[in-house]
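This is what each chain is made of:
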Amino acid sequence: MLSEHNQNKETELFKILNSDDSAFRVTSIHTNKDDPEKKFVSILTRHKIFSDGLKITIPIKILTLECITFQTNSAFYVILKGQWVNLPLDEGDVVQVFGKICEETRSLLITDEIEEELSCFFHRNFLIIEPSLHLTPSKIISSSPCYRKSILQDLFHQRDTLPTTKGTMMHGLWEDLLLQKEVIQGKKAEKQVDLLVQENIDALRYNNAKPEEIRQEMKEFIPSIKQWKDDHISNLKLAEPCLILIL
Amino acid sequence: MPNFDSLVKGLFLPLEERDVETNVRILKILNSEQTIVSYNMGIKGKLDLIVQIEYTSKNQLKRAIIPFELKTGENEYHGNNWQTILYCLLVMQKYKQSQDVNGILYYLRKKKLIQIVPRQDEVIYLLIRRNFLAKFLKVLYNKTDEISLPPMITSVRECNNCKMNVLCSMVNMTLEKGSDNSLRRIDSKSNDMMDIEDTPKFGAYQQVEEELTISQKVYFKHWMLLIHQEEAVEKNKEYEESDENQLKINLIEMDNFADFRELCVKRNHESSNSYQNMPIIAFSTVFDDKNKCHMFLEKYKNGDYVKITQSGLDCIMKGYIESRRFHRTKDGLNKFYAISFKLKLLPHTLQLNYERLPAFGEEEELRIIWKITNIQKDYFPIMRGNLVDLIRNPNCTRLSDLIIEEVAPKFRDLTDEEEKLIKQMKLPFVFNNDQLSALSQVNLTLLEFFVIL
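Owing to the predicted nature of the structure, the values given are computational and were not obtained by experimental measurement. (Residues numbered from 1 in each chain as written. Chains lettered and ligands numbered in written order. Predicted model: local features only at pLDDT ≥ 70, side-chain atom pairs only at ≥ 80, totals over all residues. Heavy atoms only, no water.)

## Topic: the overall build of chain B
When you go through chain B residue by residue, the secondary structure sums to 14 helices and 13 strands. Looking at chain B as a whole, 48% of its 453 residues are labelled buried. When the accessible surface of chain B is split by element, carbon and sulfur atoms take 49% of a total near 24000 Å². (Helix = DSSP H or I, 4+ residues; strand = E, 2+ residues; numbered from the N terminus. Buried < 20%, exposed > 50% of the residue type's maximum accessible area, 1.4 Å probe, protein only. Areas by Shrake-Rupley, 256 points an atom, 1.4 Å probe, with all protein chains shown as cover.)

Shown next, in the form of structure tokens:
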């Protein structure tokens, strides 16, 4: 099982960390209602899920997965515990699994308990639903506390507000000034501001902002950005240009 | 101004070493505005800066690569910390860091630097939220005959402060009334689904319920479903794009790179005002397979709004396809299918790392490959936005009355000046108000008018 993955074998466990090319399909889901004690006794024993004999006192979900990117002979199992139990999983969903699989029981436990000794989060067991959907951190953050809000923001066009337009311009200015190798002279920096105002003129006008006021506001930041660069970045190197894709 | 060196002391270290006094130095800015995609975590992000740092730990010199996030807003917001945590994950994975790395968050207005330590419980919380969101999105675009959104949280405090509360209410009372979603809510903390009995009680919901007419509800539902169907089809095409990437039909070459470089240099040294016209850039591509050629022609048509990118140059530009040409060539027994097209570039969309631009003559030795993407799909949110404007925007009332309420068209009443003018004409027949109004709006002199009569 999973032997065709390009993974490191660690004693009894397989490591599927950072495997870009593996994906699994959920073929069945068992919850506490399905009396999983009988069918999954060895797995539940291995992961110490039982308490008070062969009883399960905490909510769990057991997923049966099959690999869809590599040929394998049999399924493997993921036990979800803690906050992971609430994940809205259905049969047929595609998931990616990170962590260490117990070879003996072909299973893996995903829990939300803090592992104090862990030096790297990627050594934990965790699960990703539909990894082919690449969500941005800002989208994930905007879903808190309401998922619906995040999706509605995507569905309906939101015109740039004045704060977001100003934010974009400030970002542009900061990066332009920070990444230039030569010392920033006043007029050149101010020219950069003019360029940014010009580039965002439509959004500024839509928000009834006066370009001259915004230009002035941005120019006031030039000395502090320059100071910051002088204090912390002046002696830094910029990375060499990456190789251009050459066939 | 905070002392950067003192702040970064003791950061970016493994957990057990975080409190140890250690010297840390930023060595290099590795990249700016780099997009990192994690294909197995299903997360992608555009990072402001990625910096390499050096620190001493247990008398050993070590190095780490960390994200640096800039915030220009007035207020500190915990979501910014979470965003930086997710960037830490992307950087750890991209640069194969074997230990957790911290990130730096810098508030420009406050001149405040904050170290962000990715705590396990926070990372788990964020990944679970990502998973919920991914599942909701999958369900949304898998169904073409209904719009299935996550349930409301129906928290009066949160919903009253939410900027999407009007839209959320409109969607609920038009698309979800009577469905399962109108009967359940999701707990914002535990993600548990719960049943609800009453209609939501936040202000916007009640206001929308009072204001929305039956015709507006029907119209909104009808068009929302039509737009959704079309978008779902497009989204499914997007999923097929992975096949397209494998076939490499979206890779193109620029024909006039020297002109492009000149354009970029000019842009770098002069103000963007210097562009009076939209520059034209020529691209071409050659296929050895007729089907691929047809796929390309089918996907990229005249007038399409496209994005063209080149990762080595950090270049993004957007514009319209102005014209396309297609011809076949033969090399011995092999047939080739060549397509050339012209892009009308929108100069303000051009982003480029000028330092990476090849020197004059150097590009002849390089084969620079560009990637083209059709961005028509951006239109769907605009369509929905227009739909909402039609219903809610007071400036669209007249249009809304005509289209949604089906009120008969009616010209405005005549002004005193117009009436006076008409009376001067001494016509042998009587105009009704609409005719008079129409006449008054046509800019004719009395003489011209009588000539026509």
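## Overview of unusual backbone geometry
Cis peptide bonds are those with omega within 30 degrees of zero, and the linkage from Ser144(A) to Pro145(A) qualifies with 10°. Looking at the element boundaries, Pro145(A) is found in the loop between α3 (137–142) and α4 (147–155). Positioned with a positive phi, Asn208(A) is a non-glycine residue whose angle comes to about 55°. Mapped onto the fold, Asn208(A) is located in the loop between α7 (201–206) and α8 (211–219). You can call Asn208(A) exposed: its relative accessible area is 69%. For Lys111(B), which is not glycine, the phi dihedral falls at a positive 55°. Mapped onto the secondary structure, Lys111(B) falls in the loop between β4 (103–107) and β5 (112–116).

## Concerning the sheet that holds strand β13 (residues 369–374) of chain B
Residues and elements named next belong to chain B. Spatial ordering of the closed barrel is given by β8-β9-β12-β11-β10-β13, a layout of six strands whose pairing is antiparallel. The sheet shows a mean angle of 45° between the axes of neighbouring strands, direction not considered. As judged from the three bridges shared by strand β8 (residues 251–254) and β13, these two strands associate in the antiparallel manner. Residue pairing in the sheet places Ile-252 in a bridge with Trp-370 of β13. Its contacts with the sheet put helix α9 (residues 290–299) on β8, β9 (280–287), β11 (315–331), β12 (334–345) and β13, and the angle it makes with β12 is roughly 15°. (Pairing = 2+ DSSP bridges. Axes fitted to C-alpha atoms, helices over the stretch in contact; angles between N-to-C directions. Contact = heavy atoms within 4.5 Å.)

## Comments concerning the packing of aromatic side chains
What the rule picks out here adds up to 23 aromatic pairs over all chains. Between the aromatic rings of Tyr147(A) and Phe132(B), the centroid separation amounts to 5.4 Å while the plane-to-plane angle is 20°, which identifies the pairing as stacked. Here Tyr147(A), found in helix α4, pairs with Phe132(B), found in helix α3 (residues 120–142), and the two come from separate chains. Each member of the pair Tyr147(A) and Phe132(B) is classed as buried. Centre to centre, the rings of Phe257(B) and Phe260(B) are 5.9 Å apart; their planes meet at 55°, and the pair counts as tilted. Within this pair, Phe257(B) and its partner Phe260(B) are both found in helix α8 (residues 257–269), separated by three residues, close to a single helical turn. (Phe/Tyr/Trp six-rings, centres within 6.5 Å; stacked < 30°, edge-to-face > 60°.)

## Structural notes on the nonpolar core
By size, the foremost hydrophobic cluster in this structure holds 128 residues, and its most contacted members are Val78(A), Leu89(A), Leu127(A), Trp174(A) and Phe220(B). With twelve residues, α3(B) is the largest single contributor of residues to this core. Apart from the residues within four sequence positions on either side, Val78(A) is in contact with Lys61(A), Ile62(A), Leu63(A), Leu65(A), Val97(A), Leu108(A), Ile110(A) and Leu127(A). Counting 31 residues, the second largest nonpolar core, distinct from the first, contains Cys293(B), Phe296(B), Tyr300(B) and Leu313(B). (Core = buried A, V, L, I, M, F, W, Y, C linked by side-chain atoms within 4.5 Å.)

## A few points about the interface of chain B and chain A
With 110 residues of chain B at the contact, the number on the chain A side is 92 residues. Both faces considered, chain B and chain A share a buried interface measuring about 9100 Å² in area, 67% of it formed by carbon and sulfur atoms. Counting across the chain B and chain A interface gives six salt bridges. Here Asp93(A) and Lys138(B) are joined by a salt bridge, their closest N and O atoms 2.9 Å apart. Linking chain B to chain A there are 25 residue pairs in polar contact (both at pLDDT 80 or more). A breakdown of the residues in the side of chain B that touches chain A according to their chemical character gives 59 nonpolar, 27 polar and 24 charged. (Buried area = accessible area lost by both parts, 1.4 Å probe. Salt bridge = Lys/Arg side-chain N within 4 Å of Asp/Glu carboxyl O. Polar contact = N/O pair within 3.5 Å; in protein donor to acceptor, adjacent residues only side chain to side chain. Nonpolar A, V, L, I, M, F, W, Y, C, P; charged D, E, K, R; others polar.)

## Section: the side chain of Ser143(A)
Its place among the elements puts Ser143(A) in the loop between α3 and α4. Judged by relative accessible area, Ser143(A) falls into the buried class, the value being 0%. With residues up to four places along the chain from it excluded, the contact list for Ser143(A) reads Ser150(A), Arg129(B) and Leu133(B).

## Considering a positive patch on the surface
Residue and element names in this part refer to chain B. On the surface, a cluster of positive charge is made up of Lys-290, Arg-328, Lys-330 and Lys-335. You can see Lys-290 is positioned in helix α9. Classification of Lys-290 as partly exposed rests on a relative accessible area of 43%. (Patch = residues over 30% accessible without salt bridge, like charges linked within 9 Å, V, L, I, M, F, W, Y side chains within 5 Å. Lys, Arg positive; Asp, Glu negative; His and termini not counted. Charge placed at Lys NZ, Arg CZ, Asp CG, Glu CD.)

## With respect to the confidence of the model for chain B
All names here are of chain B. Averaged over every residue, the pLDDT of chain B is 79; residues scoring 70 or more account for 77%. Segment residues 1–22 is flagged for pLDDT under 50; beyond a separation of four residues in sequence, or across chains, it makes 56 contacts in the model. Below pLDDT 50 for its whole length, residues 272–276 participates in eight contacts with residues either more than four positions away or in separate chains. For this predicted complex, the interface confidence comes out at an ipTM of 0.87, alongside a pTM of 0.73. (pLDDT = per-residue confidence, 0-100.)

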